[in-house]
Amino acid sequence: MSSSTLTTSTPKPAGRTRLERLLRPKSIAVFGGSQAAAVVKQCLKMGFAGDIWPVHPTKGEVEGIKTFRSVAELPAAPDAAFVGVNRFLTIEVIAQLAARGAGGAICFASGFLEAGNDDADGERLQTELVTAAGAMPVIGPNCYGLINYADGALLWPDQHGGQRLAPEGRGVAIITQSSNIACNLTMQKRGLPVAFLMTAGNQAQTGLSEMALGLIEDERVSCLGLHIEGFDTVDGFERLAVRARELNKPIVAMKVGRSEQARKATISHTASLAGSDTASDAFLKRLGIARVDTIPSLLETLKLLHALGPLPGFTLSSMSCSGGEASVMADSAEGRRVRFPALKPDHYARIKSTLGAFVAVANPLDYHTFIWNDEPAMTATFTAMASDSFDLNMLVLDFPRNDRCSDADWWPTVRAFEAALKANGASGAVVASMSENLTEEHAADLFARGIVPLQGIAEAMDAAEAAAFVGEAWRRPVAAAVGRGADASRSGQRLERGDAKAIFDEAAAKFLLRDAGLAVPSGRRAASVAEAIAAAESLGYPVALKALGVTHKSELGAVRLNLRTGEEVDAAAAALLLLGSGLYVEKMVLGGVAELIVGVTSDPLFGPVMTIGSGGVLVELMKDSATLLLPASRGEVAAALTGLKMSPLLQGYRGRARADVGAAIDAIMAISGFVSHHGDAIEELDINPLIVCGEGQGAWIADALLVTA
């Protein structure tokens, strides 16, 4: 078990970053009126041992501390400053602090870029603020500030619900892009030890990823929680993820935006599947940053990561004295990667030997109330249950409310669970079905015993799944940087960005793909019925005939398949010429087992984003897809295919032929290479379908649409 709750040695010095002085100050300067006074009050209340220097043009003292009239009068350059004056004066103060050599500043004032088009001064003032700061770190503007619970340093203009970290303690660091969410987080009663809490504001100069890098370097930080509205830079988050892994400090994020409208579909299937949040999700997965959707799940995941770190896998055990709770636990794992595996025969026998004949042994286990308050009996059962190397053992236990009841009979259960975990060297969590049934005092006691206190069954499952995801991600090599890796040596013509969007029809797109060495069936353009028949005779029957210049061809009847004679081509060509700008005759792909869609769109932040999914005419209806950021490894592509709902079809579902999965992966990797070769010139590439044939028969690009930027 990890002992991250308390450590027996003095914390090592924090790794130095550009934010070192600001995050861990020895001196704090405070500017402004009531908010500034609140900062001084909170520092005094928290026992900050450094210097506090209020600056005010008229007041003689603030909270009993002598004031200074200006930055120039300060005894030295402050390590940190809280600037709580209006937005115009903020720029002057920041310029003076930068000139004096201050370590950094929190800019509280609003009315900058976040004001939008309603305020003509906002954008200009934010630019002036960044210029005034120069190399001095600035957090904000429109930012509540920073709470350093490890040193008692609060650049925070309000009350808060946290407490000073023990001198030899460790805690989590949390950064939010919402000041109000940060205020609310300080009021949590879940027993989560917090070392640092920080708000990002407008990120005018210093982005979220740089703040996070500064925080995780502190030895007193066990893990990191992020509330993300938007990423500051891709490479900043990539550096953060690498450093977090090096320091063994996992990250969990609550990235808002799942409900925003996906990027407006243009003319391809891919654009309707790959919204900006899908790319964000793929980015976080690539980095090994767990994602949760709610604030309670964020807090519970941080508790689990703080105490245990990443989990080695997704297997769980559960014990409760109620069949109802056992059923709820079992149901809560449905549709998740975490699971309650069935008991092996020898494991079953060990558990059964500790319980009466009327107890049905299973996982989750309802051990009944027969042994309630019998500590030796519970210890034997719990020890037997936890003896089979589950990645996390859960004990469902809701404590009674102490104002009206006694919890005395609950502690034998806790002690039995503690003994069982120690006997097996196992990891465990007590899970309360309702958050109010596990108090801060209970949480502190459980943490001290090496047991994670988790509140809420759904939140506990979120936490376990997130911790297991990080463990899995960290076992993989670090992913290549997003949007890089272009292969300029690839043969074939190279597309360039133009002044306007250019749409390549199927014939032109396939020519480029075939020229680059991708698996494209032979095909020819035709401008008349006679040319279509001649092309079919040359290619050899059967053929497919398509109208060019038509999107979503199947919806308009613009595709005719498996034409086997000149007469069939004649009739089909006469009808299709009326629908588009010409015809395309193509050799039929035979032996298809499955159809995939492989599409790429250009994201303004992440670069090329690839969608892999069930293809064909029902692509949007099925919504069976995975998203990868490029460049992607062969292993990532294989994992994406395995994760699709239609994956069993590729493996030979119910006696059907197995698909040539290797060829499908080859084709997808070639598509990725094609996109990388052309850099940012490609706005959309839509291949639907990629027909995957039986084993040894390849995978073929049966339709393609290309849009250049």
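Here the focus is the overall build of the protein chain. Within the protein chain, the secondary structure is distributed over 23 helices and 30 strands. Counting only C-alpha atoms and orienting by the principal axes, one finds that the protein chain spans roughly 95 × 80 × 40 Å. The buried share among the 709 residues of the protein chain stands at 55%. The long-range share in the protein chain, meaning contacts at least 24 apart out of those at least 6 apart in sequence, stands at 72%. The protein chain carries 64 positive and 78 negative side-chain charges, and their two centres are separated by 3 Å.

Our focus in this paragraph is the confidence of the model for the protein chain. Looking at the protein chain, the pLDDT average stands at 90 and 92% of residues meet or exceed 70. Across residues 260-275, where pLDDT falls below 50, the model places 48 contacts with residues more than four positions away in sequence or in other chains.

The next point concerns the packing of aromatic side chains. Going through the model one piece at a time under the given rule, you end up with 11 aromatic pairs. Between the aromatic rings of Phe231 and Phe283, the centroid separation amounts to 5.3 Å while the plane-to-plane angle is 90°, which identifies the pairing as edge-to-face. Of this pair, Phe231 sits in the loop between β12 (221-228) and α7 (234-247) while Phe283 sits in helix α9 (residues 276-287), and the two are 52 residues apart along the sequence. Under the relative-accessibility criterion, Phe231 is labelled buried at 10%. Overall, the relative accessible area of 0% leaves Phe283 in the buried class. Measuring from centroid to centroid gives 5.3 Å for Trp372 and Trp410, while their planes differ by 80°, and the two rings are edge-to-face. Of this pair, Trp372 sits in the loop between β16 (365-366) and α13 (375-385) while Trp410 sits in the loop between β17 (392-396) and α14 (411-424), and the two are 38 residues apart along the sequence. The class for Trp372 is partly exposed, based on a relative accessible area of 24%. Sitting above the plane of the Phe68 ring, Lys66 keeps its charged end 4.5 Å from the centroid.

So, about the environment of Ala105. Mapping Ala105 onto the fold places it in strand β6 (residues 105-107). For Ala105, a relative accessible area of 0% gives the class buried. Separated by 25 residues in sequence, Ala105 and Ala80 have C-alpha atoms that sit 5.6 Å apart. Sequence-distant contacts of Ala105, defined by excluding residues within four places in its chain, comprise Leu22, Ala81, Val83, Ile94, Leu97, Met136, Pro137, Val138 and Ile139.

A few words now on the sheet that holds strand β18 (residues 428-432). A sheet is described by the order of its strands in space; here five strands give the open sequence β16-β15-β17-β18-β19, paired in parallel fashion. Edge positions in the open sheet fall to β16 and β19 (452-455), since each of these has one partner strand only. For β18 and β19, the ladder comprises four bridges, and the chain directions are parallel. When the bridges of β19 are listed, Ala429 appears paired with Val452.

What follows concerns the packing of helix α21 (residues 634-642) against helix α23 (residues 661-677). Between α21 and α23, the least distance of the axes is 10 Å, while the angle of their chain directions is 120°. Relative to α23, the element α21 is oriented oblique. Once α21 is placed against α23, the crossing between them reads as right-handed. Touching Arg634, Val637, Ala638 and Leu641 of α21 are Val661, Gly662, Ile665, Asp666, Ile668 and Met669, all from α23. Of the residues in the contact of α21 with α23, the class split is seven nonpolar, one polar and two charged.

On to the side chain of Ser317. Residue placement: Ser317 occurs in strand β15 (residues 316-320). Among the polar contacts listed, one links the side chain of Ser317 to the side chain of Asn393, at a separation of 2.7 Å. If we skip the residues at most four places from it in the chain, Ser317 touches Phe340, Asn363, Met385, Phe390, Leu392, Asn393 and Met394.

With that settled, the discussion passes to the environment of Ser178. In this structure, Ser178 sits in the loop between β10 (171-176) and α5 (179-186). In contact with Ser178, not counting residues within four places along its chain, are Thr199, His227 and Glu229.

So, about the pairing of β15. Most of β15 sits out of view: five of its five residues are buried. Burial of β15 is two-sided: the residues Leu316, Ser318 and Ser320 facing one way and the residues Ser317 and Met319 facing the other way are all buried. Both β15 and β17 contribute to a ladder of four bridges, which runs parallel. Each bridged residue has a counterpart across the sheet, and for Met319 the counterpart in β17 is Leu395. Examined bridge by bridge, β15 and β16 share two bridges and lie parallel to one another. Bridge assignment links Ser320 to a residue of β16, and that residue is Asp366.

Quick notes on the rules
Here the residue numbering is sequential within each chain, running from 1 through the sequence in written order. pLDDT decides what is reported in this predicted model: residues at 70 or higher carry local features, side-chain atom pairs at 80 or more are listed and counted, and totals for whole chains, interfaces and linings draw on all residues regardless. Note: side-chain values were computed over all heavy atoms of the structure, leaving out hydrogens and water. In DSSP terms, a helix is any run of H or I states spanning at least four residues, a strand is any run of E spanning at least two, and both are numbered starting from the N terminus. Buried means the residue's accessible area, taken with a 1.4 Å probe over protein chains only, is under 20% of the maximum for its type, while exposed means over 50%, and partly exposed covers the values in between. Note on definitions: a residue-residue contact is assigned when non-hydrogen atoms from the two residues lie within 4.5 Å. Only four residue types enter the tally: Lys and Arg on the positive side, Asp and Glu on the negative side, with His and both chain ends excluded. Think of each charge as sitting on NZ of Lys, CZ of Arg, CG of Asp or CD of Glu. Predictor confidence is given residue by residue as pLDDT, running from a minimum of 0 to a maximum of 100. Any two rings among Phe, Tyr and Trp, with Trp reduced to its six-membered ring, count as a pair given centres within 6.5 Å; such a pair is stacked if its planes are under 30 degrees apart, edge-to-face if over 60, and tilted if neither. Placement of a charge over a ring requires the Lys NZ or Arg CZ to be within 6 Å of the ring centre, with the centre-to-atom vector within 35 degrees of the ring normal. Strands qualify as paired when DSSP identifies two bridges or more between them. Helix axes are fitted only over the stretch in contact, all axes being lines through C-alpha atoms; the angle between N-to-C directions runs from 0 to 180 degrees. Angular relationships are summarised with four words: roughly parallel below 35 degrees, roughly antiparallel beyond 145, roughly perpendicular across 65 to 115, and oblique for the angles in between. Two helices crossing with the near one rotated counterclockwise from the far one by less than a right angle form a left-handed crossing, whereas a clockwise rotation gives a right-handed crossing. By the convention adopted, Pro, Cys, Tyr, Trp, Phe, Met, Ile, Leu, Val and Ala count as nonpolar, Lys, Arg, Asp and Glu as charged, and the other residues, Gly among them, as polar. Within 3.5 Å is the distance limit for a polar contact, defined as a pair of N or O atoms, with the added protein rule that one can donate a hydrogen and the other accept it, and that residues adjacent in sequence qualify only through two side-chain atoms.

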